[in-house]
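The residues making up each chain are set out below.
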Protein chains: 2
Amino acid sequence: MSIIGTKAAAEINNKVVILAAGEGKRLRTKKKNETKAQIKVYGLSLIQRAILSAKKAGLSNFIVVVGYKKEILVSHLKKLSKIHDLNIEIVENPQWEKGNGTSVYACHDLIKGNFFILMCDHLFDPSILTELSKNNLPENGAILAIDKNIDKVFDLGDATKVQDQDGSIIRIGKNLKSFNAVDTGIFFCTPTIFAALENAFRERKHSLSDGIARIINLDKMKAYDIGNKFWLDIDTEKSLKYAKRALLSQLNKISEDGFISRFVNRPISKRISVMLSYFPISPNIITIISFVTGLMAAFMFIKGNYFFTLFAGLLVQLSSIIDGCDGEIARLKFQGTPFGAWFDTILDRYVDTAISIGIGYSFWLTHPGVLSWIGCILALVGFILTSYLKKEYFRRYFEEMPKSFIRTLTKRDTRLFVIFMGAIINKPYWALISIGIISHIGIGWSFLEIYFRKNHSGRM
Amino acid sequence: MSIIGTKAAAEINNKVVILAAGEGKRLRTKKKNETKAQIKVYGLSLIQRAILSAKKAGLSNFIVVVGYKKEILVSHLKKLSKIHDLNIEIVENPQWEKGNGTSVYACHDLIKGNFFILMCDHLFDPSILTELSKNNLPENGAILAIDKNIDKVFDLGDATKVQDQDGSIIRIGKNLKSFNAVDTGIFFCTPTIFAALENAFRERKHSLSDGIARIINLDKMKAYDIGNKFWLDIDTEKSLKYAKRALLSQLNKISEDGFISRFVNRPISKRISVMLSYFPISPNIITIISFVTGLMAAFMFIKGNYFFTLFAGLLVQLSSIIDGCDGEIARLKFQGTPFGAWFDTILDRYVDTAISIGIGYSFWLTHPGVLSWIGCILALVGFILTSYLKKEYFRRYFEEMPKSFIRTLTKRDTRLFVIFMGAIINKPYWALISIGIISHIGIGWSFLEIYFRKNHSGRM
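Thresholds, definitions, all that
Residues numbered from 1 in each chain as written. Chains lettered and ligands numbered in written order. Predicted model: local features only at pLDDT ≥ 70, side-chain atom pairs only at ≥ 80, totals over all residues. Heavy atoms only, no water. Core = buried A, V, L, I, M, F, W, Y, C linked by side-chain atoms within 4.5 Å. Buried < 20%, exposed > 50% of the residue type's maximum accessible area, 1.4 Å probe, protein only. Helix = DSSP H or I, 4+ residues; strand = E, 2+ residues; numbered from the N terminus. Contact = heavy atoms within 4.5 Å. Salt bridge = Lys/Arg side-chain N within 4 Å of Asp/Glu carboxyl O. Phe/Tyr/Trp six-rings, centres within 6.5 Å; stacked < 30°, edge-to-face > 60°. Lys NZ or Arg CZ within 6 Å of the ring centre and 35° of its normal.

Engineer: So what exactly am I meant to see when it comes to the nonpolar core here?
Structural biologist: Here is a general trend for soluble globular proteins: nonpolar side chains tend to be buried in one another's company. Core analysis: the largest hydrophobic core is formed by 97 residues, its most contacted members being Ile355(A), Ile355(B) and Trp373(B). Of the residues forming this core, the biggest block, 15 residues, is contributed by helix H13 (residues 370-397) of chain A. Those residues in contact with Trp373(B), other than ones at most four positions away along the chain, are Val370(A), Trp373(A), Ile374(A), Ile377(A), Ile357(B), Gly360(B), Tyr361(B), Trp364(B) and Tyr429(B).

Engineer: Help me understand the pattern of salt bridges, please; the structure alone is not making it clear to me.
Structural biologist: Opposite charge on two side chains allows them to pair when their charged atoms are near. All names here are of chain A. Per the counting criterion, the structure on display carries 42 salt bridges over all chains. Here Asp352 ties to Arg415 by a salt bridge, and the two come within 2.7 Å at their closest N and O atoms. Pair noted here: Asp352 is in helix H12 (residues 338-366) and Arg415 is in helix H15 (residues 412-424), with a separation of 63 residues, a long-range link. Using a relative accessible area of 2% as the deciding quantity, one classes Arg415 as buried. Three or more residues joined by partner-sharing salt bridges are found here, namely Asp323, Asp348, Arg349, Asp352, Arg412 and Arg415.

Engineer: For this particular structure, what's the right way to read unusual backbone geometry?
Structural biologist: Most of the time, phi is negative for any residue but glycine, and the peptide bond is trans. All names here are of chain B. Backbone geometry at Asp85 places phi at a positive 55°, although glycine is not the residue there. Secondary-structure assignment places Asp85 in the loop between helix H3 (70-83) and strand S5 (87-92). Its identity as a non-glycine residue notwithstanding, Phe334 has a phi of 55°, on the positive side. Of note, Phe334 is situated in the loop between helix H11 (306-332) and helix H12 (338-366).

Engineer: What am I meant to see in the packing of aromatic side chains here?
Structural biologist: Aromatic ring pairs are defined here through the distance separating the ring centres and the angle between the ring planes. The tally for this structure, following the rule as stated, stands at 51 aromatic pairs over all chains. Pairing Tyr105(A) with Phe194(A) gives two aromatic rings, centres 6.4 Å apart and planes at 70°, and the pair type is edge-to-face. Residue Tyr105(A) is found in helix H4 (residues 100-105), and its partner Phe194(A) is found in helix H6 (residues 192-202); the two are separated by 89 residues along the sequence. Residues Tyr105(A) and Phe194(A) agree in their burial class; the two are buried. Residues Tyr429(B) and Trp430(B) carry aromatic rings whose centres are separated by 5.3 Å and whose planes lie at 85° to one another, so their mutual orientation is edge-to-face. Among the aromatic side chains, those forming a connected cluster through ring pairs are Phe339(A), Trp342(A), Phe343(A), Tyr393(B), Tyr397(B), Phe447(B), Tyr451(B) and Phe452(B). One residue, Lys303(A), lies across the ring of Phe308(A), its end atom 5.9 Å from the ring centre.

Next comes the structure, spelled out in structure tokens:
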């Protein structure tokens, strides 16, 4: 229930300063009327990703500092503010060329309390912000999120290095000789940073790191180690490509995906999702497309001849693949909602129903006994209850059901794949019955497993 | 998720002292070889109820102080310790006749940390203990759970009164002239109480209230107001009868019960549960009895003639009634488990399946078209998904689905009652179809309702 962590940050409701004034020379956009912050990754601009990541962590008050090509960026930000219903204040920093410290300083009139600083061109896991905000800010100090997996940092040469000692930062800079972590560009600060920057400016030092160095001197600069959480500084064409690959690889739901999902469906659905990501198609629309595809498959099965059965089987598998896309798009584009997940799950059960009826009907035409229908009904009930079992388990135990081989076998990805295979060999009914039997065995097995595992609390 | 509150108390894991040394003159047990603490209410002795209530609040280390007829009580406690797998230390108080303060004092060698004091003859809502333990104990002080609903207290004349002022107790005694609350007999204490009792003993005062009065003098006695939570001191034959009625009335699950449950099933199932409570029948066994009754109904429907159909209808309604008993017994006898609730829910869906198939089959015999089966399948899917919808909602939103009239109409109690009615008029299939249609309308309605209510997060 990571939602609880999310709330923590939301309650604090600190402001978020996003630095977007720089030119980004190393990664020029191809379009003339676009800044680096506007470069799109899977349908969302870099700054949009920074904003939506912070929003997902429960934050909603944004200040974006602009400088280079400011009119263009401001009009983009106004659009984002409208689309996402967010409060975005815009601060102009005419001195942006001096260094990014001047951009932070430009906000000093707008900020009273503690606040976050983000870079417009960094991708990051929203949970970094929620975790960061749980740390106690040192009085008149700041905390920097650092990454200690130095060997995994992309383009280490260009990164800002830090030396951390027992949770405190003792050195920071691009050219440190000895260091044990890298600056992720995610800060949680008290307003002290403005005084620190003023001090740095007096010595003609204008980068944010120069301000941070002053806080280090006062022994008030703490570090928060992000562990294995994802972040990436997009500075070059190469890192942009790497970012796309990284986001894509995060789409596999390792904890939930069955075998077929993982090795057959995901590789295809991810490609489809990438294509779809550039169009304004919402996850719920994709849910409906998958639903309609499934219903079409059911109708095809009714026809009964091999050509239609084969086509129906293909549609079943296609529906199964598209069923992965809604979640992928939702995660790629920050469009996930509880409603979407709930809606998707219920429609899946209707598709299961339609496919079972289609297959059962066509079998009954050639085998008009009552058993044709009873087999079909029992298989269908097995499918639905396999899923129902897990939902009810969550409601009773407040945790997801433990994994087991048989439950992996009876997941929807496998089930639809078996029906697809059954259609290929023109035996969809027997495929349905087989997977139905396995489903009921899985349910019985689950009873025994949970009963004996939770022995003390589950006595008969 | 009251489970979280329960954990709070469990982590503290304080000892629980239960006072069971007194004679209980006003409520003599009819059996010679039994103390007052052993009087049974719905199959559990009074002291067993005190222990299990504390256990439900997460506490597991018990000290029971015995005196009057101690051998008899000790052998009962040994049995309880074995049955419930609990650690029960027994302390003998030879001076029990002097007053209940001597019983508390008798434990002083066994107690190092903070502890609870309970009376063996009080019934109480376990959440009183969890809430009480969340209060900060004053250093060298104690907290008493008090009830401010004075006019609702049973047998006020005999109760110990207290005067509370801003969360502190300033007076305690049976004969207070002015008071604004009643002592529930549930204490949370630091070991200071032993010194306070010693002081009282020196003045030849031997009741627990006398010790508490010393803590009041030091201004260290806090009050925790239990609000509307249930508690009852069982002192007389009359209060024992009242207790039985009170426990019974708590069995209605007001928040969950549908109309039929509330006005038809509960009044009957509660009577059955009361009878069953005196036998060692576990809730899971009752779940299985309800399941088998439902399966029998399904087989009866297959026969098709009116006599069997009517009988099947009666069995359906009986199964629905018995389905209430497992939960009632679980709550009456502290036998509720997540496994039991989970198991019950899944078996209910199998009964729904069997009944639908039975009715569908018998209808198909006289109406051998494909639509007979498709109607039956769609109705069944409507039944299962009506329930599935709610479980999945909980998993996605981390809260129960809001109530609505149509969802109340499609609950299982109503559904089975409609089928029962359908059987009476010899039209079970049409009853099935009607309630099936309403179920699907309910599902569609739920989509719209949640989509528009959660408008911002649920955009298409």
